[in-house]
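Overview (structure and organization)
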Amino acid sequence: MNVSLPGTLCLHCGLCCDGTLFRDVELQPGDDAEKLRALGLPLRSRRGEEANSLKFSQPCSALCSDLKCRAYADRPTRCREFECALFKSVAVGKVEVPAALKTIRQTRQMAEKVRRLLRELGDASELVSLARRFKRVKRKFDTGELPEGLDAETAYDRFAELSLAVHELDMRLRTKFHPDPSDV
Ligand code: SF4
């Protein structure tokens, strides 16, 4: 791996840590759960599985506002091993760094649009992944529970805009970032 790439790309991105690409990170054998807990990662057992099968939700609490990882030296195996498709394309010279940075910038803007629309529809849970937040808002619309402070027409217009924004973001993530859509 080109050792400069995490600094060149990832410190402008953070999409695999901020709840855009993934909902959870599962610990793997060899990960030091106690150390990760001490670093502030809120580990919990996976539902319906053995107590020693642990994961934590994204956005990751170790992700700083400058997109550095507070737990970088001790990060879990999944984080250590993950390289998105864009990262790999740059590493093998298929995509130039400026083009990759443009893709990252545009994708972050797309994710920000989704966050803005979620907030306008009453979901301000910035500590929950975008996929979970959208699912929650959609469930409310499905049951006819509209957000407070918006008339029905505005609420449905915003929800249509949100659904389109989520779809466009999802397509972007699948085509440019996900090595395997089954990782979602
Ligand atoms: S999504 Fe890719 S480029 Fe962005 S931080 Fe993760 S590995 Fe780096």
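Shown above is the structure to which this text applies.
Attention in this report is confined to the structure presented alongside it. (Residues numbered from 1 in each chain as written. Predicted model: local features only at pLDDT ≥ 70, side-chain atom pairs only at ≥ 80, totals over all residues. Heavy atoms only, no water.)

**Side note on the sheet that holds strand β1 (residues 24–26)**
- Taken in spatial order, the 3 strands of this open sheet run β1-β3-β2, and their pairing is antiparallel. Two strands close off the open sheet at either side, each with one partner strand: β1 and β2 (44–45).
- Bridge count for β2 against strand β3 (residues 54–57) is 2 bridges, and the pairing is antiparallel. Among the inter-strand pairings, S45 is bridged to a residue of β3, identified as L54. (Pairing = 2+ DSSP bridges. Helix = DSSP H or I, 4+ residues; strand = E, 2+ residues; numbered from the N terminus.)

**What about the site of the ligand?**
- All residues in the neighbourhood of the ligand are listed as C10, C13, G14, C16, L21, C84 and F177.
- In this structure, the ligand is accommodated by the largest pocket.
- Along the lines of polarity and charge, the residues of the shell around the ligand split into 6 nonpolar, 1 polar and no charged. (Near = heavy atom within 4 Å. 1 Å grid on protein atoms, 1.4 Å probe; cavity = no way out; pocket = protein on both sides within 12 Å on 5 of 7 lines; lining within 4 Å. Sits in = over half its atoms within 2 Å of the grid points. Nonpolar A, V, L, I, M, F, W, Y, C, P; charged D, E, K, R; others polar.)

**Considerations on the nonpolar core**
- With 28 residues, the main nonpolar core has L9, V114, V137, F159, L162 and F177 as its most contacted residues.
- Of all the secondary structure elements, the ones that give two or more residues to this core are α4 (85–91), α5 (97–120), α6 (130–142) and α7 (152–176).
- Residues L27, F56, C60 and A71 belong to the second largest nonpolar core, which totals 11 residues. (Core = buried A, V, L, I, M, F, W, Y, C linked by side-chain atoms within 4.5 Å. Buried < 20%, exposed > 50% of the residue type's maximum accessible area, 1.4 Å probe, protein only.)

**A closer look at the pattern of salt bridges**
- Using the criterion set out here, one finds 16 salt bridges in the structure.
- Salt-bridge contacts for D24 lead to R132; the nearest nitrogen and oxygen are separated by 2.9 Å. With a gap of 108 residues between them, D24 in strand β1 and R132 in helix α6 connect regions that are remote in the sequence.
- Relative accessible area serves as the criterion here: at 22%, D24 is assigned to the partly exposed category. (Salt bridge = Lys/Arg side-chain N within 4 Å of Asp/Glu carboxyl O.)

**Notes on the packing of α5 against α6**
- Where α5 meets α6, the closest approach of the two axes is 11 Å, and the angle between their N-to-C directions is 35 degrees. When you trace α5 past α6, the crossing you get is left-handed. Here α5 contributes A111, V114, R115, L118 and R119 to the contact with α6, which in turn contributes L130, R133, F134 and V137. (Axes fitted to C-alpha atoms, helices over the stretch in contact; angles between N-to-C directions. Left-handed = near helix turned anticlockwise from the far one by under 90°. Contact = heavy atoms within 4.5 Å.)

**Structural notes on the state of the cysteines**
- Overall, the coordinates contain 0 disulfides when judged by the stated rule.
- Between C64, a free cysteine, and C69, which holds the nearest cysteine sulfur, the sulfur-to-sulfur gap is 7.3 Å. (Disulfide = S-S within 2.5 Å.)

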